[in-house]
2 protein chains.
Amino acid sequence: MVNAFDPAGAAALDDSRRDMVERRARLLGPGYKLFYDEPVHFVRAQGVHLYDADGKEYLDVYNNVPSVGHCHPRVVEAVSRQLGVLNTHTRYLHDSILQYSEQLLATLPAEIGHVMYTCTGSEASDLAMRITRHVTGGTGFIVTANAYHGHTIAVSQASPSMGEHVPLGVHTRVVPAPDAYRTEGDLGAVFAGQVEAAIADLRRHGIRFAGFIADSLFSSDGILPGPAGFLKPVAEVVRKHGGLYIADEVQPGFARTGDAMWGFQRHGVTPDLVTMGKPMGNGIPIGGVAARPELLEDFGRNTRYFNTFGGSPVCIAAAQAVLDVIRDEKLQENSRIVGRAMLDGIQAMAEKHAAIGDVRGAGLFVGVDFVKDRATREPDAALGLRVVNRLREKRVLISASGKEGNVLKIRPPLPFSLADNDRFLGLLAETLAELA
Amino acid sequence: MVNAFDPAGAAALDDSRRDMVERRARLLGPGYKLFYDEPVHFVRAQGVHLYDADGKEYLDVYNNVPSVGHCHPRVVEAVSRQLGVLNTHTRYLHDSILQYSEQLLATLPAEIGHVMYTCTGSEASDLAMRITRHVTGGTGFIVTANAYHGHTIAVSQASPSMGEHVPLGVHTRVVPAPDAYRTEGDLGAVFAGQVEAAIADLRRHGIRFAGFIADSLFSSDGILPGPAGFLKPVAEVVRKHGGLYIADEVQPGFARTGDAMWGFQRHGVTPDLVTMGKPMGNGIPIGGVAARPELLEDFGRNTRYFNTFGGSPVCIAAAQAVLDVIRDEKLQENSRIVGRAMLDGIQAMAEKHAAIGDVRGAGLFVGVDFVKDRATREPDAALGLRVVNRLREKRVLISASGKEGNVLKIRPPLPFSLADNDRFLGLLAETLAELA
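Residues numbered from 1 in each chain as written. Chains lettered and ligands numbered in written order. Predicted model: local features only at pLDDT ≥ 70, side-chain atom pairs only at ≥ 80, totals over all residues. Heavy atoms only, no water.

Looking at an unreviewed UniProt entry, chain A carries the name Aspartate aminotransferase family protein, with the source organism given as Teichococcus deserti. Quoted verbatim from the Sequence similarities (unreviewed entry) heading of the UniProt record, the comment on chain A is "Belongs to the class-III pyridoxal-phosphate-dependent aminotransferase family." As stated in UniProt under Cofactor (unreviewed entry), the record for chain A gives "pyridoxal 5'-phosphate". (UniProt positions renumbered as here; feature names shortened; annotations may be inferred.)

What follows is the structure, given as structure tokens:
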């Protein structure tokens, strides 16, 4: 994790937070990391704001899980009501899962006809890989250099961003992330060529190709939206070699990109499987895999998949409220408009700050690529980290992405307004000036 | 699934349910199975009862997820309150996860000092296997013949109950389930010998032994509590060969067995890792892995595990309410007392019904083993299925377990009272008489 708290710094914290840091270490162990040089203790949240134990307000430009806004009253109400009525599993009949599935599938291409529910994006990635292995008979997966698709054993083996101590699967092949800023030539052709070479390498090792997995915004590779359409040639190469195209929509999905409900739609690609998670229930654990029906024919009949909590009435109530709010509050349109203003604002800032090598994004998912030198485009990871921590002091929650951590990751809840954006841009400009 | 609805029977259903069955097939695909020859459509639930669309009441002797009772008001209230205040992830400080972890760990042996949170039991099994692989450097796991530990790719490879179309891992070894009713000699010694032979077989194939995973009630193997203490020799064999002992407490945990909070405690075993899930949040998705701290030392520092929704304030609020209710309503004691009365009642029934070969259980988890012949002890799967469906007609929810499905699986919410038990025993006796 790029911007993790160093426990050695606990002595400098106030009593309350030092005590919490110590109890975390004692109870949860060293696997639990905290954000920032100085961790934050939040006690409440609303909309695009969180409040710490001293009542201080923070502007959230990072959290995509509370996607329709922290503690959105319609989600709170829908979940609370359902909790008191019924919460059971999918082996009894229930209407709300059918109504929701109908509405969810209507947002996807016509070729995607079924949806299966999980509790997390990791479970969704894992299930999509299970289906892909079953359908193709292959085991070889191709992912990008700093991809993250989830934490299960199988998915972590296809998530190089987890670092050198987490083994990549022997059947996993890694291709460079499609970085338009640092790639010469036609990005789609270059990337498709790299994927085709990886397929050939799998074959050379006697491994049958199963599928290609990509988040269309390459969120953990450094936020790489690329030009619209550049993923089309990749999808063609994948199909040509008998593999499936898995669109990991855990981050780009649910109106984040502004242009569309789903990230892959910017590219005119129709995936075989679509995975979803994080924003789907605004924090209530729900994820899913949507698929071409023919892929689930044998898998559904002859294998077994049952997720105890997946698609329960309470989880579906949360997901339904999220869909309703996205529609009623026109959050996709807001994401497009405010995201555009944010891009323009930061691009204007770049005229004064040579450290900003590139600004890119889709809707309310924006990356700012810091470089040491605009000519060499060498990543400036140290600056990324300093900006993240300085903004935290100014009570703006933000993070960094990419293998080097040099890309500022801007991904606020979708109701982020033009006024919120102005406030954020002012504080970012101030920070860049201070650190210049 | 033993007692699944056959979609060919949809024509016989009333319009409303036939329509729902058809929409399920169209939207969710063939992977979604329904219980019973005639599926049930529930619209609300309270305590140990569910109500169908016609307002008819069903007695629940099956569902262990709403473990403190369907829609328990304290869980509803705690979750609803927290939903409106804050729901974020564990990379900020929050107090409730620390308070809950302290209380949860206090119920476990002193050697188990850390807990990590997931959203499901499957994720917990997967994480426990990931930790075990990391710590031991091994990949070989040993499980019982009809075990089910979860649905991820890695965990399904160690879940033989998923059937022949779901591949077992090449590094998985399967031992017979410890069936005291059908095993001659000392069960502990026999079972430990089988596990030791499996370890030798792994070595013979050049596979390093990682761990042994067992649900102490062998829930999907046919509910096999066995004599208290019989798992001790197995744990010794596992340790002798450098493996870890993983107690899968997804089903026996949280006071189900009546004797103790955790199933392994009946056996005087101290596991290396303990996995939990289903009843933990009374239906709100939460699971966890508790571990000896030394096992998480390198794993926590050098690898990466982050579960976006795991341990969130809302999930923890549900789990805290469940712990509080178990304590305040003395549900462990209730499980012990009512479970005992249930065992005695069914044992008395066995005097009149030769089809009951064995009755066994721990607390409110009871198995009734139907046989064609008491001398041969040959399982009578057909009878199990007929009892399940006849009881459903009498509005009692129940299921069957074991490879053959001949074991009636009785596992009601923990507030199941002596009066509920009398009602259930009466209907069970009536059913057995009718089917005799």
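Here the narrative resumes, following the displayed structure.
Draft legend 1. Here's a closer look at the pattern of salt bridges. Residues and elements named next belong to chain A. A full pass over the atoms with the stated rule returns 58 salt bridges over all chains. With a closest N to O distance of 3.0 Å, Arg18 and Asp15 form a salt bridge. One end of the pair is Arg18 and the other is Asp15, both in helix H1 (residues 15–28) and three residues apart, which spans about a single turn. Arg390 is paired through a salt bridge with Glu434; the nearest N and O atoms lie 2.6 Å apart. (Salt bridge = Lys/Arg side-chain N within 4 Å of Asp/Glu carboxyl O. Helix = DSSP H or I, 4+ residues; strand = E, 2+ residues; numbered from the N terminus.)

Draft legend 2. Inspection of the sheet that holds strand E8 (residues 244–248) of chain B at higher detail. Residue and element names in this part refer to chain B. Ordered by their spatial adjacency, seven strands build an open sheet running E4-E10-E9-E8-E7-E5-E6, and the pairing between neighbours is mixed. Taken across any chain shown, the strands that pair with only one partner, and hence form the sheet edges, are strand E4 (114–118) and strand E6 (172–175). Averaged over all neighbouring strand pairs, the angle between strand axes comes to 20 degrees, with direction disregarded. Sheet strands in contact with helix H7 (residues 232–240) are strand E7 (209–214) and E8, and its direction is about 140 degrees off that of E8. Across the sheet, helix H8 (residues 293–302) is in contact with E4, E8, strand E9 (273–276) and strand E10 (287–291); its angle to E4 comes to roughly 60 degrees. (Pairing = 2+ DSSP bridges. Axes fitted to C-alpha atoms, helices over the stretch in contact; angles between N-to-C directions. Contact = heavy atoms within 4.5 Å.)

Draft legend 3. Seen up close, the interface of chain A and chain B. Counting from both sides, the interface comprises 98 residues of chain A and, opposite them, 98 residues of chain B. The contact between chain A and chain B buries some 8,800 Å² in all, and 61% of this surface belongs to carbon and sulfur atoms. Together, Tyr92(A), Leu93(A) and Phe309(A) form the three largest contributors to the area buried by chain A at its contact with chain B, with a combined 10%. At the junction of chain A with chain B, the criterion picks out six salt bridges. A salt bridge links Glu102(B) to Arg26(A); its shortest N-O distance comes to 3.2 Å. Between chain A and chain B we count 41 residue pairs in polar contact (both at pLDDT 80 or more) in total. With nine residues, H1(A) is the single largest residue contributor to the side of chain A that touches chain B. Tallied by class, the residues present in the side of chain A that touches chain B amount to 50 nonpolar, 31 polar and 17 charged. (Buried area = accessible area lost by both parts, 1.4 Å probe. Polar contact = N/O pair within 3.5 Å; in protein donor to acceptor, adjacent residues only side chain to side chain. Nonpolar A, V, L, I, M, F, W, Y, C, P; charged D, E, K, R; others polar.)

Draft legend 4. Up close: the relation of the copies chain A and chain B. Between the two copies, chain A and chain B, the superposition gives an RMSD of 0.0 Å; the rotation angle is 180 degrees and the shift along the axis is 0.0 Å. On the angle and the small slide along the axis, the relation comes out as a two-fold axis. For chain A, the minimum C-alpha distance to the rotation axis belongs to Ser80(A) and amounts to 2.5 Å. A high fraction, 100%, of the interface residues of chain A reappear at the interface in chain B, so the copies pair face to face through one surface. (Least-squares fit on C-alpha atoms with pLDDT ≥ 70 in both.)

Draft legend 5. Local environment of helix H6 (residues 187–204) of chain A. Residue and element names in this part refer to chain A. The first and last C-alpha atoms of H6 sit 26 Å apart over 18 residues, in line with the 26 Å expected at 1.5 Å per residue. Taken together, the buried positions of H6 are occupied by Leu187, Gly188, Phe191, Ala192, Val195, Ala198, Ile199 and Leu202. All buried residues of H6 lie within an arc of 120 degrees about the axis, which places them on one face of the element. More than 90 degrees from the buried face of H6, the exposed residues found are Arg203 and Arg204. Where H6 is buried, its residues touch strand E5 (140–144), strand E6 (172–175), strand E7 (209–214) and helix H7 (232–240). Gly206 occupies a position one or two residues after H6 and carries a positive phi of about 75 degrees. (Expected span 1.5 Å × (residues − 1). Buried < 20%, exposed > 50% of the residue type's maximum accessible area, 1.4 Å probe, protein only. Arc of directions from axis to C-beta.)

Draft legend 6. The packing of H1(A) against helix H3 (residues 95–106) of chain B, seen in detail. In contact at an axis separation of 10 Å, H1(A) and H3(B) are set at 40 degrees when each is read in the N-to-C sense. In this structure, the crossing between H1(A) and H3(B) has a hand that is left-handed. Contacts from Met20(A), Arg23(A), Arg24(A), Arg26(A), Leu27(A) and Leu28(A) of H1(A) reach H3(B) at Asp95(B), Ile97(B), Leu98(B), Gln99(B), Ser101(B), Glu102(B) and Leu105(B). Grouping the constituent residues of the contact of H1(A) with H3(B) by class yields six nonpolar, two polar and five charged. (Left-handed = near helix turned anticlockwise from the far one by under 90°.)

Draft legend 7. Representation of the packing of aromatic side chains in the model. Residues and elements named next belong to chain A. Within the structure shown, the criterion is met by 24 aromatic pairs over all chains. With 6.4 Å between their ring centres and 40 degrees between their planes, Phe218 and Phe230 make a pair best called tilted. Taken together, the positions of Phe218 in the loop between E7 and H7 and Phe230 in the loop between E7 and H7 put the pair 12 residues apart, joining distant regions of the chain. Accessibility assignment for this pair places Phe218 and Phe230 in one class, buried. (Phe/Tyr/Trp six-rings, centres within 6.5 Å; stacked < 30°, edge-to-face > 60°.)

Draft legend 8. Inspection of the nonpolar core at higher detail. Tyr117(A), Ile346(A), Phe424(A), Tyr117(B), Ile346(B) and Phe424(B) are the most contacted members of the largest nonpolar core, which totals 277 residues. Not counting residues up to four positions away in its chain, the partners in contact with Ile346(A) are Ile356(A), Val359(A), Val366(A), Val368(A), Ile410(A), Phe424(A), Leu425(A) and Leu428(A). In this structure, Val65(A), Cys119(A), Cys119(B) and Phe309(B) belong to the second largest nonpolar core, which totals six residues. (Core = buried A, V, L, I, M, F, W, Y, C linked by side-chain atoms within 4.5 Å.)

Draft legend 9. Layout of empty space enclosed by the protein. Across all of its chains, the model carries seven cavities of 30 Å³ or more by this definition. Computed from the structure, the largest cavity encloses a volume of approximately 120 Å³. Residue lining of the largest cavity: 13 residues in total, with Gly31(A), Tyr32(A), Lys33(A), Tyr305(B) and Phe306(B) positioned closest to the centre. When the residues that make up the lining of the largest cavity are grouped by side-chain class, the tally is five nonpolar, five polar and three charged. (1 Å grid on protein atoms, 1.4 Å probe; cavity = no way out; pocket = protein on both sides within 12 Å on 5 of 7 lines; lining within 4 Å. Points joined across faces, edges and corners; volume = space filled by probe spheres on them.)

Draft legend 10. Spotlight on the sheet that holds strand E1 (residues 42–46) of chain B. All names here are of chain B. Strand order in the open sheet made by the four strands is E1-E2-E3-E14, with mixed pairing throughout. Here the strands that pair on one side only, and so sit at the sheet edges, are E1 and strand E14 (396–397). Sheet topology places strand E3 (residues 57–60) next to E14; two bridges connect them, and they run parallel. Looking across to E14, one finds that Leu59 is bridged to Val396. Strands in contact with helix H12 (residues 418–435) are strand E2 (49–52), E3 and E14; relative to E3, the strand with the most contacts, it is inclined by about 100 degrees.

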